[in-house]
Amino acid sequence: MLIKFAWKSLLARKVTVVLTVLSVTISLLVMLAIQHIKQEAKTSFTKTISGVDLIIGARTGQLNLLMYSIFNVGNATNNISWKSYEELSQQKEVAWAIPISLGDSHKGFRVLGTTEAYFEHFKYANKRTISFNQGYSFSGTFEAVIGNHIAQKLNYKVGDTITLSHGISAKSFSEHKHNPFTVVGILAPTGTPIDQTVHVRLDGIEAIHKGWQSGVDLSQHTNHANHTKTQDLTPTSITAFMVGLNSKLSTFTFQRKVNAYKNEPMLAILPGIALSELWRMMGMVESILVIISWLVLFAALIGLCTIMLAAMRERRHEFSVLRGIGASRWFILSLIQLESLFIVAVSIAISITAVPIGFWAAQDVLISNYGLNISSIKFNFETISTIVLVIGATIITSIIPCISAYREKE
């Protein structure tokens, strides 16, 4: 009986109720989205790189070096010479090294020039190796291996040809269209920036830039693919490189050696420490956003309380009729509380449904622009705690109109 009364009462005030539901829903959407992004971003960051002892590049901030070398965000301040790479990678402390060259793109996706060592030694998510869904690793100068997201987004398959663009913008007027690459491999999904990267050989990067100066093609559109075997395609410089050491005990010693390298200014960073610093920076922003989302929700609940109070005067006759047919004051108080809970329950249901749909719709944008692979929302302890707190806050907030109704004379 009580539930039926509450439902019909809400239907009688449907315009006001819909606006209230909308207000609370938006607040909950913001709160649940922030919580989910926080959890997924932390997971995404921590599983992006594993098993790499040091990342080495031109001297810059350690976060900048981490972002452009691992997350495909930002640009290098400078390159480092191939001679310096060879000298450092051949030190006795180094077990393996992975050179990377950045600066080109394909339809908005970053291109990474590297060697076969990348697929052999680079690991992610607790030392998981990179695997192939289709095809194999590159072996020829003009062969490419693409990430899983690129293959799905652009509908590529093994055997397709692609052209690279100079620069990293989504639309480029400087294309290496006379030197196409053949897709020979498609990687398995990793949930990391690898999924949004085109991988080519270093000599391929060098070949397509033969005759280029300052981003301009001065080669009169010569097809270099026909005579690359007679050319020296050894790179003159690379963007950065990753190293694995023979012993973890030598990590700090080798880091100091690189940072004090006399031939050119360089920086060696520990990925784990850089990731922790990045997460601390994001944690501060995240805390501010969480506080804002709670304030927005609090404002929405205050609005709910205000609407309920404003309705008290209009509902005096309704309450008088209920009291006249024998309803107690506790029945009326329960009715008001139940109405508030109905409104919030509908808002919670809409929010829980809308957040996964929203993330699914925005997945391509989040992956392409921010390197975040956001999965569907999961009901973990934090999410359930938030819902329980919202329900508790609703009950407390509804006490004010309940008191107003309780003081009404029969």
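Just above sits the structure.
Residues numbered from 1 in each chain as written. Predicted model: local features only at pLDDT ≥ 70, side-chain atom pairs only at ≥ 80, totals over all residues. Heavy atoms only, no water.

*Asks:* Describe the overall build of the chain, listing the residues and the values that go with them.
*Replies:* Along the chain, the regular secondary structure elements total 14 helices and 17 strands. By the burial criterion, 49% of the 410 residues in the chain qualify as buried. Across the chain, the fraction of contacts at a sequence separation of at least 24, relative to all contacts at a separation of at least 6, is 78%. (Helix = DSSP H or I, 4+ residues; strand = E, 2+ residues; numbered from the N terminus. Buried < 20%, exposed > 50% of the residue type's maximum accessible area, 1.4 Å probe, protein only. Contact = heavy atoms within 4.5 Å.)

*Asks:* Mind laying out the side chain of S351, listing which residues take part and the relevant values?
*Replies:* Summarising the element assignment, S351 is placed in helix α11 (residues 329-361). One polar contact links the side chain of S351 to the main-chain carbonyl oxygen of T25, over a distance of 3.4 Å. Within the local environment of S351, its side chain forms a polar contact with the backbone oxygen of S347, the two atoms lying 2.8 Å apart. (Polar contact = N/O pair within 3.5 Å; in protein donor to acceptor, adjacent residues only side chain to side chain.)

*Asks:* With reference to specific residues and values, describe the nonpolar core.
*Replies:* Counting 35 residues, the largest nonpolar core has I55, L66, Y118, F122 and M242 as its most contacted members. Among the secondary structure elements, those contributing two or more residues to this core are α2 (14-46), α3 (62-70), β3 (94-106), α5 (117-121), β11 (181-187), β16 (240-245), β17 (266-269) and α9 (271-314). With residues near it in sequence (within four places) discarded, I55 still touches I49, L65, L66, S69, I70, F241, M242, L267, A268, I269 and P271. (Core = buried A, V, L, I, M, F, W, Y, C linked by side-chain atoms within 4.5 Å.)

*Asks:* Please provide a residue-by-residue account of the packing of aromatic side chains, values included.
*Replies:* Counted according to the given criterion, the structure contains 7 aromatic pairs. A ring pair is formed by W82 and Y85, whose centres lie 4.8 Å apart and whose planes are at 40°; its orientation type is tilted. Here W82 and its partner Y85 are both found in helix α4 (residues 82-89), 3 residues apart, which amounts to about one turn of the helix. You can call Y85 buried: its relative accessible area is 8%. A centroid spacing of 5.6 Å and a plane angle of 45° characterise the contact between F119 and F132, whose relative ring orientation is tilted. Of the two residues, F119 is situated in helix α5 and F132 in strand β7 (residues 132-135); the sequence distance between them amounts to 13 residues. (Phe/Tyr/Trp six-rings, centres within 6.5 Å; stacked < 30°, edge-to-face > 60°.)

*Asks:* For the environment of K210, give the residues involved together with the corresponding values.
*Replies:* Looking at where K210 falls in the secondary structure, it is placed in the loop between α7 (202-208) and β13 (212-213). In this structure, the C-alpha to C-alpha distance between K210 and Q231, residues 21 residues apart in sequence, is 9.9 Å.

*Asks:* Give a detailed account of the environment of G61, specifying residues and quantitative values.
*Replies:* Here G61 lies in the loop between β1 (54-58) and α3. When its relative accessible area of 37% is taken as the criterion, G61 is described as partly exposed. In sequence terms G61 and I269 are 208 residues apart; their C-alpha atoms lie 9.5 Å from each other.

*Asks:* Any chance you could break down the environment of S131 for me, citing the residues and the numbers?
*Replies:* Residue placement: S131 occurs in the loop between β6 (128-129) and β7. Sequence separation between S131 and L187 is 56 residues, and the spatial gap between their C-alpha atoms is 5.9 Å.

*Asks:* So what's going on with unusual backbone geometry? Which residues, and what values?
*Replies:* Positive phi is not limited to glycine here, since N72 has a value of about 60°. Mapping N72 onto the fold places it in the loop between α3 and β2 (80-81). Accessibility expressed as a relative area gives 15% for N72, which makes it buried. The phi dihedral of N155 falls on the positive side, at around 60°, and the residue is not glycine. Structurally, N155 is set in the loop between α6 (148-154) and β9 (161-162).

*Asks:* Provide a residue-level description of the packing of α2 against helix α13 (residues 381-397), including the pertinent values.
*Replies:* Where α2 meets α13, the axes come as close as 11 Å, and the angle between the chain directions of the two elements is 160°. One finds that α2 runs roughly antiparallel with respect to α13. By crossing handedness, the relation of α2 to α13 is classed as right-handed. Contacts from L28, M31, L32, Q35, K38 and Q39 of α2 reach α13 at E382, T383, T386 and V390. Its residues assigned to classes, the contact of α2 with α13 comprises 4 nonpolar, 4 polar and 2 charged. (Axes fitted to C-alpha atoms, helices over the stretch in contact; angles between N-to-C directions. Parallel < 35°, antiparallel > 145°, perpendicular 65-115°, else oblique. Left-handed = near helix turned anticlockwise from the far one by under 90°. Nonpolar A, V, L, I, M, F, W, Y, C, P; charged D, E, K, R; others polar.)

*Asks:* Help me get a handle on helix α8 (residues 251-259), residues and values and all.
*Replies:* Residues of α8 that are buried include every one of T251, F254, Q255 and V258, and no others. All buried residues of α8 lie within an arc of 105° about the axis, which places them on one face of the element. Considering only its buried residues, α8 is in contact with β1, α4, β3, β16 and β17. (Arc of directions from axis to C-beta.)

*Asks:* Give a detailed account of the pattern of salt bridges, specifying residues and quantitative values.
*Replies:* Between side chains of opposite charge, a pair can form as their charged atoms come close. For the structure shown, the criterion picks out 5 salt bridges. As a salt-bridge pair, K248 and D53 come within 2.4 Å of each other at their nearest N and O atoms. In this pair, K248 is assigned in the loop between β16 and α8 and D53 in the loop between α2 and β1, connecting sequence segments 195 residues apart. Here K248 falls in the exposed class, since its relative accessible area comes to 55%. One continuous salt-bridge network, built from bridges that share partners, spans E116, R201 and D203. (Salt bridge = Lys/Arg side-chain N within 4 Å of Asp/Glu carboxyl O.)

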